[in-house]
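Structural characterization, general
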Amino acid sequence: ILQKFYQFIWPKDNAGIKIRVIIALALLIGSKLLNVCVPFIFKEIIDFLNKNANLKDFGESTADKILLTSMALVIAYGAARAGASLFGELRNAVFARVAQSSVTHLATQVFRHLHNLDLNFHLNRQTGALSKAIDRGTRGITLVLSALVFNIMPTIVEVGLVSGILYTKFGLNYALVSIGCIAGYTAFTFAVTQWRTKFRVD
């Protein structure tokens, strides 16, 4: 499935789609970098308000210095949060055309394939049920693409960034704990989903 999607996300003859994918990936990475910076800015605010010793250059009194610097840090914190959300929304907007292009190409392929089938196939099938299956399939493609690009990939990027930071700051054990928790959660989700699917099929 992923190999099939790759042909539509990265088509050989369409440079516009490739550019959109690159922009969407750049926005994704920018969004995740800003998201990861937010706790560090928050830490700086807390540390600054906790120990305000080196305040010689701003304001006249100590109170002025504390107020100015803490306001600047809070504004930086808000800007980082807003920037992360903005990058995420821009990524969605840029990638929307890629998803629609993929769905259109695949639906056209299915349509052509159906028209090339033998007459017996069409006589022995319910046309309404067939068109409903095709409609569900195209909607499913949109869902899988958006899940891959907007949920799975961002999560992998963010887990990689956070694990790298934990490894750098606190050592391997902390990084392994975070990766282990996410791996356990993922395995549990897959297991429960497969177990539940049997009942839905029944």
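Shown above is the structure to which this text applies.
In this report, the structure presented in the accompanying data block is examined. (Residues numbered from 1 in each chain as written. Predicted model: local features only at pLDDT ≥ 70, side-chain atom pairs only at ≥ 80, totals over all residues. Heavy atoms only, no water.)

Quick look at the packing of helix H1 (residues 2-9) against helix H5 (residues 127-170) now. The interhelical angle for the contact between H1 and H5, taken along N-to-C directions, is 85°, at an axis separation of 12 Å. When the axis of H1 is compared with that of H5, the two are roughly perpendicular. Between H1, through Leu2, Phe5 and Ile9, and H5, the contact on the second element is made entirely by Ile141, Val144, Leu145 and Leu148. By residue class, the composition of the contact of H1 with H5 is 7 nonpolar, no polar and no charged. (Axes fitted to C-alpha atoms, helices over the stretch in contact; angles between N-to-C directions. Helix = DSSP H or I, 4+ residues; strand = E, 2+ residues; numbered from the N terminus. Parallel < 35°, antiparallel > 145°, perpendicular 65-115°, else oblique. Contact = heavy atoms within 4.5 Å. Nonpolar A, V, L, I, M, F, W, Y, C, P; charged D, E, K, R; others polar.)

Residues Phe5, Ile9, Val21, Phe95, Val98, Ile141 and Leu145 are the most contacted members of the largest nonpolar core, which totals 17 residues. Of all the secondary structure elements, the ones that give two or more residues to this core are H1, helix H2 (15-50), helix H3 (62-116) and H5. When residues of this core are assigned to their parent elements, the largest contribution, 6 residues, is made by H3. With residues up to four places along the chain from it excluded, the contact list for phenylalanine 5 reads Ile141, Val144, Leu145 and Leu148. Counting residues in hydrophobic clusters, the runner-up holds 6 residues, among them Val38, Ile41, Leu73 and Ala80. (Core = buried A, V, L, I, M, F, W, Y, C linked by side-chain atoms within 4.5 Å. Buried < 20%, exposed > 50% of the residue type's maximum accessible area, 1.4 Å probe, protein only.)

Attention now goes to H2. The terminal C-alpha atoms of H2 lie 53 Å apart, and with 36 residues this matches the ideal 52 Å at 1.5 Å per residue to within 8%. The sharpest bend along H2 measures roughly 25° and falls at valine 38, with the proline proline 39 sitting one to four residues further on. (Expected span 1.5 Å × (residues − 1). Bend = angle between axes of the 7 residues up to and from the residue.)

Quick look at the packing of H5 against helix H6 (residues 172-201) now. Between H5 and H6, the shortest axis-to-axis distance is 6 Å and the interhelical angle comes to 155°. With respect to H6, the element H5 is oriented roughly antiparallel. Here Val159, Ser163, Leu166, Tyr167 and Phe170 of H5 come into contact with H6, specifically with Leu172, Tyr174, Ala175, Ser178, Ile179 and Ile182. A breakdown of the residues in the contact of H5 with H6 according to their chemical character gives 9 nonpolar, 2 polar and no charged.

Okay, the layout of surface pockets next. When its volume is computed, the largest pocket comes out at roughly 490 Å³. Residue lining of the largest pocket: Ile152, Thr155, Ile156, Val159, Ile182, Tyr185, Thr186, Thr189, Phe190, Thr193 and Gln194, and that is the complete set. When residues of the lining of the largest pocket are traced back to their parent elements, those giving at least two are H5 and H6. Of the residues forming the lining of the largest pocket, the biggest block, 7 residues, is contributed by H6. The residue makeup of the lining of the largest pocket, split by class, is 6 nonpolar, 5 polar and no charged. (1 Å grid on protein atoms, 1.4 Å probe; cavity = no way out; pocket = protein on both sides within 12 Å on 5 of 7 lines; lining within 4 Å. Points joined across faces, edges and corners; volume = space filled by probe spheres on them.)

As for its position among the elements, phenylalanine 40 is in helix H2. Other than its neighbours up to four places away in sequence, phenylalanine 40 contacts Ile165 and Lys169.

Purely geometric stuff here, so don't read any function into it on its own.
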